[in-house]
Amino acid sequence: MRRKLAAGNWKMNGTAADLAELNVLATLMPADAPEVIICPPAPLLYRASTAAQATPISIGAQDCHMQASGAFTGDISAAMIADTGAAYVIVGHSERREAHAERDRDIRKKAKAAWASNLTAIICIGETLEDHEANNTLDIIAGQLAGSLPSAVTAENTIIAYEPVWAIGTGKVPTLDQIAEVHDFIRSKLAIRYGADIADMIPLLYGGSVKPENAALIFEAENVDGALVGGASLKATDFAPIISALAQS
């Protein structure tokens, strides 16, 4: 069976004091909880990894550079992330694609850099509101899958998160049918490229205004294996019900 995952992206939020939420979250998680990943800002990675050692929570970063080292002021390499104790890294988030002009080929290189440091890459894809309204969603998703995913994808080194850009932080959520259509499409594309055995085991997460109120409905879709959660992951009391809904799905 594919593993279920609930990943929390704290984005540019949180200080050391907020890491107390990890212990609170651990106490609120059900006994049969899926794998839980928290991705705090880079300055908190080491302390988060240390704080999470006594919990079932894993730690991930929000981005990495495609190079192992060099004159890249302000950037962080995959090796540096792994050195903090983190095990995952998000690459290709729409906020990085838009604000930092990251291209599919950049994301592909970042995923390969993550693998080289034994990190699992959480590769994000998703269409804009303009693309969505023009009924270009599947074409955009196909292009991003083709351009952002390296050829050596496996269920162990890669997680894919579908995040419609128009739903991130807006409160707007696609219908269950729309989410299911895209996730089914992603699975079919993965099967064509990597074979059914690999494709069937790669976790597909949904992200975009996931909240305790809508999580159970979203997890009804057959090819939704979890969620990449933004704002609702900042507080344990908000994230825990999402984790419980995933456990029960």
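Please refer to the structure placed before this passage.
Overview of the structure. (Residues numbered from 1 in each chain as written. Predicted model: local features only at pLDDT ≥ 70, side-chain atom pairs only at ≥ 80, totals over all residues. Heavy atoms only, no water.)

### Re the overall build of the protein
Tallying secondary structure elements over the protein gives eleven helices and eight strands in all. Taking 18 Å as the expected radius of gyration for a compact globule of 249 residues, we find that the protein reaches 17 Å, a close match to that expectation. For the protein, with 249 residues in total, the buried portion stands at 51%. Partitioning the contacts of the protein with sequence separation of at least 6, the portion at a separation of at least 24 is 73%. Once the 19 positive and 29 negative side-chain charges of the protein are each reduced to a mean point, those two points are 6 Å apart. (Helix = DSSP H or I, 4+ residues; strand = E, 2+ residues; numbered from the N terminus. Rg over C-alpha atoms; globule rule 2.2 N^0.38 Å. Buried < 20%, exposed > 50% of the residue type's maximum accessible area, 1.4 Å probe, protein only. Contact = heavy atoms within 4.5 Å. Lys, Arg positive; Asp, Glu negative; His and termini not counted. Charge placed at Lys NZ, Arg CZ, Asp CG, Glu CD.)

### Some remarks on the pattern of salt bridges
Counted under the stated rule, the structure contains eleven salt bridges. Here Asp104 and Arg97 are joined by a salt bridge, their closest N and O atoms 2.6 Å apart. Owing to a relative accessible area of 14%, Arg97 belongs among the buried residues under this scheme. The partner of Arg187 in a salt bridge is Asp225, with the nearest N and O atoms 2.9 Å apart. (Salt bridge = Lys/Arg side-chain N within 4 Å of Asp/Glu carboxyl O.)

### Topic: helix H2 (residues 45–52)
Residues of H2 that are buried include every one of Leu45, Ala48, Ser49 and Ala52, and no others. Viewed along the axis of H2, the buried residues span an arc of 100 degrees, placing them on a single side of the element. On its buried face, H2 is in contact with helix H1 (20–28), strand E3 (57–61) and helix H3 (78–83). (Arc of directions from axis to C-beta.)

### Re a negative patch on the surface
Taken together, Asp177, Glu181, Asp184 and Glu222 make up a surface patch of like negative charges. By the element assignment, Glu181 lies in helix H8 (residues 176–194). Here Glu181 falls in the partly exposed class, since its relative accessible area comes to 45%. (Patch = residues over 30% accessible without salt bridge, like charges linked within 9 Å, V, L, I, M, F, W, Y side chains within 5 Å. Areas by Shrake-Rupley, 256 points an atom, 1.4 Å probe, with all protein chains shown as cover.)

### As for the packing of aromatic side chains
Applying the stated criterion across every chain, the model contains one aromatic pair. Aromatic side chains Tyr162 and Tyr206 sit 6.1 Å apart centroid to centroid with 55 degrees between the ring planes, which places their arrangement in the tilted category. Taken together, the residues span a long stretch of sequence, with Tyr162 in strand E6 (residues 158–162) and Tyr206 in strand E7 (residues 204–207) at a distance of 44 residues. By the burial criterion, Tyr162 is buried, and Tyr206 matches it. (Phe/Tyr/Trp six-rings, centres within 6.5 Å; stacked < 30°, edge-to-face > 60°.)

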